[in-house]
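Report on the structure
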Amino acid sequence: MTKQPLLVPAEWSPQEAIWTAWPADADEWNGDLEAPRKDVAALIAALSPGNLVRLLVNGDEALSSARDAVGDTAELVAAKYGDIWLRDTGPIFAASPEGVVALRFKTNSWGGKYELPDDATVGDDIAREAGNPVRRFDFVLEGGAVDHDGRGTILTTRQTLLNPNRNGWSKAQAEAALAEAFNARKVIWIDEGLLNDHTDGHIDNIARFVGPAQVVCQAPSGVDDPNAKTLDAIARTLERSSDADGTPLEVIRIPGPGQYINEAGELSPASHMNFVIANGVVVVPVYGTQSQDRALAALQGVFTDRRVIGVTSQGLLGWGNAGGGSFHCITQQQPKEPVKNS
């Protein structure tokens, strides 16, 4: 049987549900589940009007605490998972003429850094609960490593996809794999991501599609921004790029958080780019920095058809080996089923 062509819808397309997970393993959070749970509950509260949130819970304590924290604003789904980074361990949902398909890739724990039980299988559980067939690919790929415009253009970074700790790909091999999995017609390559990013430079922390041939990235917050050169290089690359149809990208820069030092005194990869686009709303991580009000105002100017909400994400950012991400990292959107021709 011939495989039907696949395409990942743009994140601003209508969504059936948003999947996320409840922090359940205290060892993964420096013994403190309260801080990340507070952030996840606030994310769900921001999403719940107009969005079905399906929240995975691992074990009886997680079920009870999640029920107390979110009430009926989310549908609780029992599941096994290592940690909550479902953007990377969950399926990537794609549309085909026959309906939505859950794409499953290999995982190697972000290059062998964070090996946790059940991270390799939670994507199958989500696909089964969603009721979508699975299509498997025999290579390592994390969802946060690729951003889609819904028209065949993909943003990614060399630091992640060409990293020897993933597949050992050349650029040509990576582009062929993305064409196979997503029908990618054009790949736009950014060199690297933020300093101290646990994921080796995932694209969803530095640049995002927000409309056809339209991308958002960050500007340095000042002379002390440790990522200033990287952020400027990202903008220059995007400004020289076009999408799969040859349309030059419109590049919108918003203020970045700048130097963010966590409670352990470490430089953290805080980013306003790790936002979630959902039905009627965009939820943006904020960190109590001077940049956040201007960043939110700039994004509201981009998403004129949605309400832009800033939600604190310091607990998810964490410190040490715990955390390291934000709202986009812990979510995966399930698109609405396409209307089939009669």
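Use the structure listed above.
Model, not experiment: these values are computed from the prediction. (Residues numbered from 1 in each chain as written. Predicted model: local features only at pLDDT ≥ 70, side-chain atom pairs only at ≥ 80, totals over all residues. Heavy atoms only, no water.)

Let's talk about the pattern of salt bridges
Side chains that differ in sign of charge can pair as their charged atoms come close. Overall, the coordinates contain 17 salt bridges when judged by the stated rule. D245 is the salt-bridge partner of R185, the closest N and O atoms lying 3.1 Å from each other. Pair noted here: R185 is in the loop between α7 (171–182) and β9 (186–190) and D245 is in the loop between α8 (228–239) and β12 (250–255), with a separation of 60 residues, a long-range link. Because the salt bridges share partners, they merge into one network encompassing K113, E142, R166 and D200. (Salt bridge = Lys/Arg side-chain N within 4 Å of Asp/Glu carboxyl O. Helix = DSSP H or I, 4+ residues; strand = E, 2+ residues; numbered from the N terminus.)

Focus: the pairing of strand β10 (residues 207–211)
Counting buried residues in β10 gives five out of five residues, a clear majority hidden from the surface. The pairing of β10 with strand β11 (residues 214–219) spans four bridges and is classified as antiparallel. Note on β11: the bridge partner recorded for A207 is C217. Taking the residues between adjacent antiparallel strands as the criterion, β10 and β11 are bridged by two residues, where A213 takes a positive phi near 55 degrees. (Buried < 20%, exposed > 50% of the residue type's maximum accessible area, 1.4 Å probe, protein only. Pairing = 2+ DSSP bridges.)

Focus on the packing of aromatic side chains
All chains considered together, the criterion is met by nine aromatic pairs. Both rings, one in W29 and one in W85, keep their centres 5.9 Å apart while their planes meet at 35 degrees; by these two values the pair is tilted. You can see W29 sitting in the loop between β1 (15–21) and α1 (34–47) and its partner W85 sitting in the loop between β3 (75–78) and α3 (86–89), a full 56 residues away along the chain. Classification of W29 as buried rests on a relative accessible area of 3%. Cation over ring: R208 sits above F275, and NZ or CZ is 4.3 Å from the ring centre. (Phe/Tyr/Trp six-rings, centres within 6.5 Å; stacked < 30°, edge-to-face > 60°. Lys NZ or Arg CZ within 6 Å of the ring centre and 35° of its normal.)

Considerations on helix α5 (residues 122–130)
Buried within α5 we find V122, G123, D125, I126, A127 and A130. Trailing α5 by a residue or two, G131 shows a phi angle of about 80 degrees, which is positive.

So, the state of the cysteines
The tally for this structure, following the rule as stated, stands at zero disulfides. The cysteine C329 is free of any disulfide, with C217 supplying the nearest cysteine sulfur at 18 Å. (Disulfide = S-S within 2.5 Å.)

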